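The primary structure of each chain is shown beneath.
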Number of protein chains: 2
Amino acid sequence: MAKEVLIQVALDTLDPQVTLDLAAKTAPYIDIIEIGTPCLKYNGISLVKEMKSRFGDKKVLVDLKTMDAGEYEARPFFEAGADITTVLGVAELATIKGVVKAAHDNNAWAQVDLISVADKAACAKACAEAGVDVIGIHTGLDAQAAGATPFADLNLIAGLNLGKKISCAGGIKPETVGDVVKAGADIVVVGGAIYGADDPAAAAKQMRELVDAAAA
Amino acid sequence: MAKEVLIQVALDTLDPQVTLDLAAKTAPYIDIIEIGTPCLKYNGISLVKEMKSRFGDKKVLVDLKTMDAGEYEARPFFEAGADITTVLGVAELATIKGVVKAAHDNNAWAQVDLISVADKAACAKACAEAGVDVIGIHTGLDAQAAGATPFADLNLIAGLNLGKKISCAGGIKPETVGDVVKAGADIVVVGGAIYGADDPAAAAKQMRELVDAAAA
C-alpha cells in the first residue's frame, strides 16, 4: 500500500506579494505552504491570515522557530489559521509543551525543529512524549552552505519508530527527494529547488511526481 | 568613576499601539527599546520602522533570536533602523557571524542570546572572537516560571572579562536590579516589572534611579 507523503513548499523570500504568488503557482502540486522564518519575521501575522484566506484547502506552516514563551508566542498564530507552527528542539521542554498546548487547543499540529540539537534521538523522544505531532529533521541554510545534509539524522529518527510524522528539510533536490521518501520522511520540505527554479510550478509538479513515485 | 549602565525596556505585548504607547511612556527614563520576539513575529518589520521613526534618539533592539540564515534574516532589520538584533548562542557559528556582518555593515550591534546554551563560557568566548558586540545573559520566561534566575550566569560571564558589553535579562525587579549592576551588567533588561506595572512610567523612573545609584 502506498504511503501518504506530503510536500511542503518553504517560502523564504521576504516580499509578501512574491510569497503569495509563489504559493499560488505551486499550490496545485503541494500539501503544505510554509511561511519561512525570515519571511514571517519580516511580514508578521497579517501574511499568515492572508495566506490561509487564499489557500484554505492547504495546510499553512508558520516557521516560528519558537525559543521561549511557547504558548504565548504560538497561540495567536494558530488562532490566525496556522495548521502547524515550529518550536526549537534546543528550547526548554516547558516551551515545547506550551506550543503543543496552543496547537492542540486549536486542532492543529506542533512541530519540533531539531536544528542544532546535540542529542537528536533523546530530544525527539522527549518531544514525542510531550505530545509534539511532527519531528522536523532540519539542516539549516547556513549548515547547508558548509556542506551538511539531513540524511544521517533522518535515518536516526526514522529508526526510533516514535509514531510521529517525520518532516525532512535541508537542500532537498529532484535528485535526492526519492531517497528522502524511502528513508522514512512523511513530509518532504522543498525550498530553493522550487522557489529558486526558473519555473516554480514546473519544479513543484516534478517534485510531486517524484515523491508519489517513491512513495508508491 | 561611575560606570555607564544602559536600561532596556522589553516590550512583550502583541498589540502594536500598546507597544508604541509603552515605549512613549518609558522613553524618558530608558536607553534601549526592545521589540520582544513574540511582538516582532506578530507585527513584522513595519513596527521596527515605526518605532525608530518615533524614537530616533533611542537605540532600538529587535529580539529576532535568529537561529539560521543569519545575515539574510538580520540585514533588513538593520536597514530598517534596528541598532541591535539578537542571534541565538545555540545557533551555528556561521549564523552568528552572518548577523555580525549585517550589523557591522550598518554601524550597529549584534547581540548573542545565551538562553539554553549548555556551555555558556565557551559560547561567549567564541562569540566574542566572532565579533559579537553584546553578550546577553537571558533566563527565559518559561525558565523564570520554573524558578530560574540569571545571577549565576551573569557572574560566570562577567568573570571572563571578554571586553564586550554584557546584557542581563530575566525577571529583573526593583529589588534585584542593584545586584545585577554590581555583578557587572552593562545593559539591564526590564520587562514585566515595567510593562506589568500600574504606572509603567513611574516604574521606569524608579529603575533609572536604582540603576544610576548602583552604578555610581
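See above for the structure.
Visitor: Kindly report on the overall build of chain A, identifying the contributing residues and their values.
Guide: Along chain A, the regular secondary structure elements total 11 helices and eight strands. In terms of overall dimensions, chain A is globule-like: its C-alpha atoms have a radius of gyration of 16 Å, near the 17 Å expected for 216 residues. By its C-alpha atoms, chain A is 45 × 40 × 40 Å across when sized along the principal axes. Each of the 216 residues in chain A was classed as buried or not, and the buried ones make up 54%.

Visitor: So what about the packing of helix α6 (residues 120-129) of chain B against helix α8 (residues 151-158) of chain B? Which residues, and what values?
Guide: All names here are of chain B. Viewed as axis vectors pointing N to C, α6 and α8 meet at an angle of 45 degrees, and their least axial separation amounts to 10 Å. Relative to α8, α6 is oriented oblique. Seen from above, α6 lies across α8 with right-handed handedness. Between α6 and α8, the residues in contact are K120, A121 and A124 and D153, L156 and I157, respectively. Within the contact of α6 with α8, the residues separate by chemical class into four nonpolar, no polar and two charged.

Visitor: Mind laying out the interface of chain A and chain B, listing which residues take part and the relevant values?
Guide: With 33 residues of chain A at the interface, the matching set in chain B holds 33 residues. Going through the elements one at a time, α2 (37-43), β3 (59-66), α4 (70-79), α5 (93-105) and α7 (141-145) of chain A are the ones with two or more residues in the side of chain A that touches chain B. With six residues, the single largest contributor to the side of chain A that touches chain B is α2 of chain A. Split into classes, the residues belonging to the side of chain A that touches chain B amount to 19 nonpolar, eight polar and six charged.

Visitor: Tell me about the packing of helix α1 (residues 16-26) of chain B against helix α11 (residues 200-215) of chain B, and name the residues and values.
Guide: Residue and element names in this part refer to chain B. Where α1 contacts α11, the axes come no closer than 8 Å and their chain directions differ by 45 degrees. Considering the angle they form, α1 stands oblique to α11. Crossing handedness for the pair α1 and α11: right-handed. Between α1, through L22, K25 and T26, and α11, the contact on the second element is made entirely by P200, A201 and A204.

Visitor: So what about the relation of the copies chain A and chain B? Which residues, and what values?
Guide: Of the transformation placing chain A onto chain B, the axial shift is 0.0 Å and the rotation is 180 degrees, giving an RMSD of 0.0 Å. Such a combination of rotation and displacement between the chain copies is what one expects of a two-fold axis. Proximity to the rotation axis, assessed at the C-alpha, singles out G44 of chain A in chain A; its C-alpha lies 2.0 Å from the axis. Taken together, the interface assignments show that 100% of the residues at the interface of chain A recur at the interface of chain B, consistent with an identical surface on both copies.

Visitor: Can you explain the sheet that holds strand β8 (residues 187-190) of chain A? Please cite residues and give values.
Guide: Residue and element names in this part refer to chain A. Sheet architecture is closed into a barrel: eight strands sit in the order β1-β2-β3-β4-β5-β6-β7-β8, paired in parallel fashion. Strand-to-strand twist of the sheet, defined as the mean angle between neighbouring strand axes without regard to direction, takes the value 25 degrees. The sheet contact formed by β3 and strand β4 (residues 84-88) spans three bridges and is parallel. Considered in β4, the bridge of T66 is made with V87. Across the face of the sheet, α4 comes into contact with β3 and β4 while running at roughly 160 degrees to β3.

Visitor: Lay out unusual backbone geometry with the relevant residues and their values.
Guide: Residue and element names in this part refer to chain A. In the Ramachandran plot, S116 falls in the positive-phi region, its phi being about 65 degrees despite a non-glycine side chain. Tracing the sequence through the fold places S116 in the loop between β5 (109-113) and α6 (120-129). The exposure class assigned to S116 is buried, which follows from the 21 C-beta atoms found within 10 Å. Positive phi values are uncommon outside glycine, yet N161 reaches one of about 50 degrees.

Visitor: Mind laying out the pairing of strand β5 (residues 109-113) of chain B, listing which residues take part and the relevant values?
Guide: Residue and element names in this part refer to chain B. Counting buried positions along β5 yields five of five residues, so the element is predominantly enclosed. A two-sided burial pattern is seen for β5, the buried positions comprising W109, Q111 and D113 on one face and A110 and V112 on the other. Where strand β4 (residues 84-88) and β5 come together, five bridges link them in parallel fashion. Bridge pairing in β5 places I84 opposite W109. A crossover links β4 with its parallel partner β5, the connecting element being helix α5 (residues 93-105), and its sense is right-handed. Bridge count for β5 against strand β6 (residues 134-138) is three bridges, and the pairing is parallel. Within the sheet, the bridge partner assigned to D113 lies in β6 and is G136.

Visitor: Residues and numbers for the nonpolar core, please.
Guide: Of all hydrophobic cores here, the largest spans 145 residues; its most connected members are V188 of chain A together with V188 of chain B. Apart from residues lying up to four places away in sequence, V188 of chain A is in contact with V5, I7, Q8, C168, I172, V177, V180, V181 and V211 of chain A.

Visitor: For the sheet that holds strand β7 (residues 165-169) of chain B, give the residues involved together with the corresponding values.
Guide: Residue and element names in this part refer to chain B. Strand order in this closed barrel of eight strands is β1-β2-β3-β4-β5-β6-β7-β8, and the pairing throughout is parallel. On average, each strand axis in the sheet is inclined to that of its neighbour by 25 degrees, with strand direction left out of account. The sheet strands contacting helix α4 (residues 70-79) are β3 (59-66) and β4, and the helix crosses β3 at an angle near 160 degrees. Packing of α8 onto the sheet brings it into contact with β6 and β7, and relative to β6 it is tilted by some 155 degrees.

Visitor: Describe α6 of chain B, listing the residues and the values that go with them.
Guide: Residues and elements named next belong to chain B. All of the buried residues in α6 are C123, A124 and C127. Projected down its long axis, α6 shows its buried positions confined to an angular sector of 100 degrees, all on one face. Across from the buried face of α6, at angles greater than 90 degrees, the exposed residues are A122 and E129. G131 sits one or two positions beyond α6 and adopts a positive phi of about 100 degrees.

Visitor: Tell me about the pairing of strand β8 (residues 187-190) of chain B, and name the residues and values.
Guide: Residue and element names in this part refer to chain B. Burial along β8 is two-sided: the residues I187 and V189 and V188 and V190 are all buried. Of the strand pairs in this sheet, strand β1 (residues 6-11) and β8 are connected by four bridges, and their pairing is parallel. Counted as the bridge partner of L6 is I187 from β8. Assessed by its sense of winding, the connection that carries the chain from β7 through helix α9 (residues 177-182) to β8 is right-handed.

Parameters at a glance
- Residues numbered from 1 in each chain as written.
- Chains lettered and ligands numbered in written order.
- Predicted model: local features only at pLDDT ≥ 70, side-chain atom pairs only at ≥ 80, totals over all residues.
- Helix = DSSP H or I, 4+ residues; strand = E, 2+ residues; numbered from the N terminus.
- Rg over C-alpha atoms; globule rule 2.2 N^0.38 Å.
- Buried ≥ 20, exposed ≤ 12 C-beta atoms within 10 Å, placed from the backbone.
- Axes fitted to C-alpha atoms, helices over the stretch in contact; angles between N-to-C directions.
- Parallel < 35°, antiparallel > 145°, perpendicular 65-115°, else oblique.
- Left-handed = near helix turned anticlockwise from the far one by under 90°.
- Contact = placed C-beta atoms within 7 Å.
- Nonpolar A, V, L, I, M, F, W, Y, C, P; charged D, E, K, R; others polar.
- Least-squares fit on C-alpha atoms with pLDDT ≥ 70 in both.
- Pairing = 2+ DSSP bridges.
- Right-handed = clockwise from strand over helix to strand, strands pointing away.
- Core = buried A, V, L, I, M, F, W, Y, C linked by C-beta atoms within 7 Å.
- Arc of directions from axis to C-beta.

All we've got here are geometric facts, nothing functional implied.
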